[in-house]
Amino acid sequence: MALAQRSSLSAKAAAPARRAAAPRVAFGAPVVASLQNGKAATPAGVAPAQRSVKAAAAAVEAKSAPAPASYNKSQFELYTFTTWLLQEERKGKIDSELATVLSSISLACKQIAAAVGRSGISSLTGVAGTGENVQGEEQKKLDVISNDIFCNVLRMSGRTGVIASEEEATPVAVEETTSGNYIVVFDPLDGSSNIDAGISVGSIFGIYEPSEQCMIGDNLDQSLEACITNVCQPGKNLLAAGYCLYSSCHTLVLTIGDGVYGFTLDPYVGEFVLTHNRIQVPEVGKIYSFNEGNYAMWDEPTKAYMDSLKDPAKWGGKPYSARYIGSLVGDFHRTLLYGGIYGYPGDAKNKNGKLRLLYECAPMSYIAEQAGGKGSTGTERVLDIMPSEVHQRVPLMIGSKKEVEYFESFHKKA
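Rules used in this analysis
Residues numbered from 1 in each chain as written. Predicted model: local features only at pLDDT ≥ 70, side-chain atom pairs only at ≥ 80, totals over all residues. Heavy atoms only, no water. Salt bridge = Lys/Arg side-chain N within 4 Å of Asp/Glu carboxyl O. Helix = DSSP H or I, 4+ residues; strand = E, 2+ residues; numbered from the N terminus. Buried < 20%, exposed > 50% of the residue type's maximum accessible area, 1.4 Å probe, protein only. 1 Å grid on protein atoms, 1.4 Å probe; cavity = no way out; pocket = protein on both sides within 12 Å on 5 of 7 lines; lining within 4 Å. Points joined across faces, edges and corners; volume = space filled by probe spheres on them. Polar contact = N/O pair within 3.5 Å; in protein donor to acceptor, adjacent residues only side chain to side chain. Pairing = 2+ DSSP bridges. Core = buried A, V, L, I, M, F, W, Y, C linked by side-chain atoms within 4.5 Å. Contact = heavy atoms within 4.5 Å. Phe/Tyr/Trp six-rings, centres within 6.5 Å; stacked < 30°, edge-to-face > 60°. Lys NZ or Arg CZ within 6 Å of the ring centre and 35° of its normal.

Take the pattern of salt bridges next. This model, assessed by the stated rule, comprises 14 salt bridges. Between K91 and E88 there is a salt bridge, and its shortest N-O distance comes to 3.4 Å. Residue K91 and its partner E88 are both found in helix α4 (residues 81-91); the two are separated by 3 residues, about one turn of the helix. K91 gets classed as exposed once you look at its relative accessible area, which sits at 52%. Two residues, E88 and K93, come together in a salt bridge whose shortest N-O distance is 3.9 Å. Exposure remark for E88: the relative accessible area of 2% places this residue in the buried category.

Here it is in structure tokens:
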């Protein structure tokens, strides 16, 4: 027989064997075992011998296979602050103009973070030599730089009508605005006295509803008076508030009235990336953050409160722990994540404390309440206070809800 004929016959003889083995090759061991044990279901009215082996095996395979994941996240995916803003705008929680303002603020935070990071090698430490600001505090170089950065990005956004800064004596009406007219209040660099020591500092901001009354007209004096009136709003009117912490990592934390979110700056891509989704402050926390150097000047209820925290007998042998940085943003950020209380009460020297209501206490209290915490002066809710002036000061107790209520209980007894 010719060689070609023998090859053809061999191929035909081998074909049935290959077809018989097909189910074992095409399907995994669990499927084959199920078929051999007769576990595969047989359709009604069809004899087992007539049923397709391949169809039966496919049915078992489909039944035993895990449900496919609805979404496979890539290891390279980044949920950035920009992406988050677009999602919130799509949901209707913010409009495009407010998104533009928030995006501009994130740019300011990036610029300030870069300046803080190289301050020691770029001669950005020390005093600015410009004298004292409106608060009677000597301005640091980075105070001036940070204020300029914030003012510039907000003006260039074209969406802000008025800006009010800790470093400015009065609110500034923005002539470059094209629409939006949002009112933005901010402390460009909180805790700047710590800069030379390389300790955590931060920026704080709040955004209020646009006001048609605060527009630049022919009479600049009347326009300025109207602007100041509209800037002085209670914190409960805030549309958005946040802070940016400049530390071992740079973290932007904010709320638009629907939970609190944290974004960490990724230096490799230059973007804030979502790292803290819907932050919730613990209801209780055994950490207090007060400047106890002022203890002798505090009123008796505040002294009694502080003494109670340090009494082991009241807390099962383990009193509260003290943690104090001296930077509101740094101390509050720790309190937000770990629980506890941050406080700057009034004293004999500063009856209303040292923190400003409009651009420090109100934005931070808004964040605290959105995270399930509380902000109080010790006797009233911070967000309910109507500012009487731009740079008004109030006492501040803020953090875990039960911890703040515990402080308030001492003043109710007095």
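On to empty space enclosed by the protein, then. Using the criterion set out here, one finds 1 cavity of 30 Å³ or more in the structure. Every residue along the wall of the largest cavity is listed here: N291, N294, W298, G343, Y344 and P345.

On to the side chain of R356. You can see R356 is positioned in the loop between β13 (341-344) and α10 (357-370). Of note is the side chain of R356, whose polar atom sits 2.3 Å from the side chain of E166.

Attention now goes to the sheet that holds strand β15 (residues 396-399). In a beta sheet, neighbouring strands pair by backbone hydrogen bonds and run either parallel or antiparallel. Judged by pairing direction, the sheet is mixed, and its 5 strands sit side by side in the order β12-β11-β13-β15-β14 without closing on themselves. Of all strands in the sheet, those bounded by a partner on one side alone are β12 (321-322) and β14 (374-376). In the sheet, strand β11 (residues 287-289) pairs with β12 via 2 bridges, with the strands oriented parallel. Counted as the bridge partner of Y288 is A322 from β12.

Let us now look at the nonpolar core. Membership of the largest hydrophobic core comes to 41 residues, with the highest contact counts inside it found for F81, L102, I105, L154, I207 and Y246. Where this core is concerned, the elements lending two or more residues are α4, α5 (96-117), α6 (141-157), β5 (182-190), β6 (201-208), β7 (238-246), β8 (250-255) and β9 (260-266). At 11 residues, α5 tops the list of elements feeding residues into this core. The residues touching L102, leaving out its near neighbours within four places in the chain, are F81, L85, F205, I207, A240, L254 and I256. By size, the runner-up hydrophobic cluster in this structure holds 40 residues, among which are L238, A368, V382 and I398.

Let us look at the packing of aromatic side chains. Applying the stated criterion to the full structure yields 17 aromatic pairs. Here F290 and Y305 contribute two aromatic rings whose centre-to-centre distance is 5.9 Å and whose plane-to-plane angle is 50°, an arrangement assigned as tilted. Placement of the pair is F290 in the loop between β11 and α8 (300-309) and Y305 in helix α8, with a sequence separation of 15 residues. With respect to burial, F290 and Y305 carry one shared label: buried. Here W315 and Y406 contribute two aromatic rings whose centre-to-centre distance is 5.8 Å and whose plane-to-plane angle is 80°, an arrangement assigned as edge-to-face. Here W315 is found in the loop between α8 and β12, whereas its partner Y406 is found in helix α11 (residues 401-413), with 91 residues between them in sequence. Among the aromatic side chains, those forming a connected cluster through ring pairs are Y288, F290, Y295, W298, Y305, W315, Y320, Y406, F407 and F410. Positioned above the aromatic ring of Y295 is the side chain of K310, whose terminal nitrogen or guanidinium carbon lies 5.8 Å from the ring centre.

In this model, R278 sits at a positive phi of 50°, which is unusual for a non-glycine residue. Summarising the element assignment, R278 is placed in the loop between β10 (271-276) and β11. A relative accessible area of 40% places R278 in the partly exposed class.

Now for the pairing of β8. The buried fraction of β8 amounts to 6 of the 6 residues, a majority that puts the element mostly inside the structure. Neither face of β8 is open: one carries H250, L252 and L254, the other T251, V253 and T255, and all of them are buried. In this structure, β7 lies alongside β8, joined through 6 bridges in antiparallel fashion. Note that in β8 the partner of Y246 across the bridge is H250. What sits between the antiparallel neighbours β7 and β8 is a turn of 3 residues. Examined bridge by bridge, β8 and β9 share 5 bridges and lie antiparallel to one another. Its bridge partner lying in β9, T251 is registered against T264. Taking the residues between adjacent antiparallel strands as the criterion, β8 and β9 are bridged by 4 residues, where G257 takes a positive phi near 90°.

The values are spatial; any link to function lies outside them.
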